[in-house]
Amino acid sequence: MGFGVSAACAVGALVAAAGVVAMALPGRPQPWPVHLMRRAAGAAAWAAAAVYSLGASTVLMSEHAFGDGANSMPAPACRDGFDPATMEGLSHHRSSFLPLRFDCVREDGSVYSSDPDYVWMNGASASLALSAALFVIGAGYASELRARKAAVTS
């Protein structure tokens, strides 16, 4: 289900990106800079949701695999693909959805990440969400500036 949400968000991002590209075609709505920024904000927000939901579903799957039948402790995400020296002394794990992470903890307190992809997922979702917010603020500023210019010339 988590990948379905991510796919739906990705489709939304593609539709919003098509709206951004449509601003280059003749017959675009006026004032076009405001519409362009609003559409870009929508595309960035959908893309941020797609990346975040992909990472959240990965954390959820790792959490679900823990304690689910034979050979599930310690968490399979902490064992699969790691050499025995890295897993030595593995005691438990910690997971988080904000920021996305699934950390494996050893008995001595040292920690290693079960998947290095969480770094780019956190960075991409945060930067896309920030971009969406800046586009919304920019669109509001452009509308306000246009209204002030119209009031001065009237």
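Calculation criteria
Residues numbered from 1 in each chain as written. Predicted model: local features only at pLDDT ≥ 70, side-chain atom pairs only at ≥ 80, totals over all residues. Heavy atoms only, no water. Helix = DSSP H or I, 4+ residues; strand = E, 2+ residues; numbered from the N terminus. Rg over C-alpha atoms; globule rule 2.2 N^0.38 Å. Contact = heavy atoms within 4.5 Å. Areas by Shrake-Rupley, 256 points an atom, 1.4 Å probe, with all protein chains shown as cover. pLDDT = per-residue confidence, 0-100. Phe/Tyr/Trp six-rings, centres within 6.5 Å; stacked < 30°, edge-to-face > 60°. Buried < 20%, exposed > 50% of the residue type's maximum accessible area, 1.4 Å probe, protein only. Core = buried A, V, L, I, M, F, W, Y, C linked by side-chain atoms within 4.5 Å. Pairing = 2+ DSSP bridges. Axes fitted to C-alpha atoms, helices over the stretch in contact; angles between N-to-C directions. Patch = residues over 30% accessible without salt bridge, like charges linked within 9 Å, V, L, I, M, F, W, Y side chains within 5 Å. Salt bridge = Lys/Arg side-chain N within 4 Å of Asp/Glu carboxyl O. Expected span 1.5 Å × (residues − 1).

S.K.: Before we move on, can you summarise the overall build of the chain with the specific residues and values?
M.R.: When you go through the chain residue by residue, the secondary structure sums to 5 helices and 3 strands. Helices and strands in the chain line up, N terminus first, as α-α-α-α-β-β-β-α. In terms of overall dimensions, the chain is more spread out than a globule: its C-alpha atoms have a radius of gyration of 22 Å, far above the 15 Å expected for 154 residues. Here the contacts in the chain between residues at least 6 apart in sequence split such that 54% fall between residues at least 24 apart. Total accessible area computed for the chain in this model is approximately 9,200 Å², and 68% of it derives from carbon and sulfur atoms.

S.K.: Hey, could you go over the environment of Tyr 118 for me, with residue numbers and the actual values?
M.R.: Assignment of secondary structure puts Tyr 118 in helix α5 (residues 117-153). Taking the C-alpha atoms as reference points, Tyr 118 and Glu 107, 11 residues apart in sequence, are found 23 Å from one another. Setting aside residues no more than four positions away along its own chain, Tyr 118 makes contact with Gly 55, Thr 58, Val 59, Ser 62, Leu 100, Arg 101, Phe 102 and Ser 113.

S.K.: Could you give an account of the confidence of the model for the chain, with specific residues and numbers?
M.R.: Taken residue by residue, the chain gives an average pLDDT of 84. The fraction at 70 or more is 94%. Mean pLDDT across the elements of the chain ranges from a minimum in helix α1 (residues 2-22), with 76, to a maximum in α5, with 90.

S.K.: Tell me what's going on with the packing of aromatic side chains, and back it up with residues and numbers.
M.R.: Evaluated as defined, the whole model comprises 1 aromatic pair. With a centroid separation of 5.0 Å and an interplanar angle of 65°, the aromatic rings of Phe 82 and Tyr 112 are classed as edge-to-face. In this pair, Phe 82 is assigned in the loop between α3 (76-79) and α4 (84-87) and Tyr 112 in strand β3 (residues 111-113), connecting sequence segments 30 residues apart. The exposure class assigned to Phe 82 is partly exposed, which follows from its relative accessible area of 25%.

S.K.: Help me get a handle on unusual backbone geometry, residues and values and all.
M.R.: In this chain, Leu 98 is followed by Pro 99 through a cis amide linkage whose omega measures -5°. Along the polypeptide, Pro 99 turns up in the loop between β1 (90-97) and β2 (100-106).

S.K.: Help me get a handle on the nonpolar core, residues and values and all.
M.R.: In terms of nonpolar packing, the biggest core is built from 14 residues, with Cys 78, Leu 100, Phe 102 and Tyr 118 touching the most fellow members. Elements represented by at least two residues in this core include exactly α2 (32-65), α3, β2 and α5.

S.K.: I'd like a rundown of the sheet that holds β2, residues and numbers included.
M.R.: Across the sheet, 3 strands lie side by side as β1-β2-β3; this open sheet has antiparallel pairing. With one partner strand each, in any of the chains shown, β1 and β3 form the two edges of the open sheet. Neighbour-to-neighbour, the strand axes of the sheet open up by a mean angle of 25°, direction not taken into account. Two elements, β2 and β3, share 3 bridges in a ladder whose sense is antiparallel. Of the residues in β3, the one forming a bridge with Val 105 is Val 111.

S.K.: Explain a nonpolar patch on the surface to me, and be specific about the residues and the numbers.
M.R.: Side chains of Leu 130, Leu 134 and Ile 137 sit close together on the surface and give an oily, nonpolar patch of about 320 Å² of accessible area. Structurally, Leu 130 can be placed in helix α5.

S.K.: So, α5: which residues are in play, and what are the values?
M.R.: Its 37 residues place the ends of α5 54 Å apart at the C-alpha level, agreeing with the 54 Å of an ideal helix rising 1.5 Å per residue. If you check which residues of α5 are buried, you get Tyr 118, Met 121, Ala 124, Ser 125, Ala 132, Ala 139 and Ala 142. Considering only its buried residues, α5 is in contact with α2, β2 and β3.

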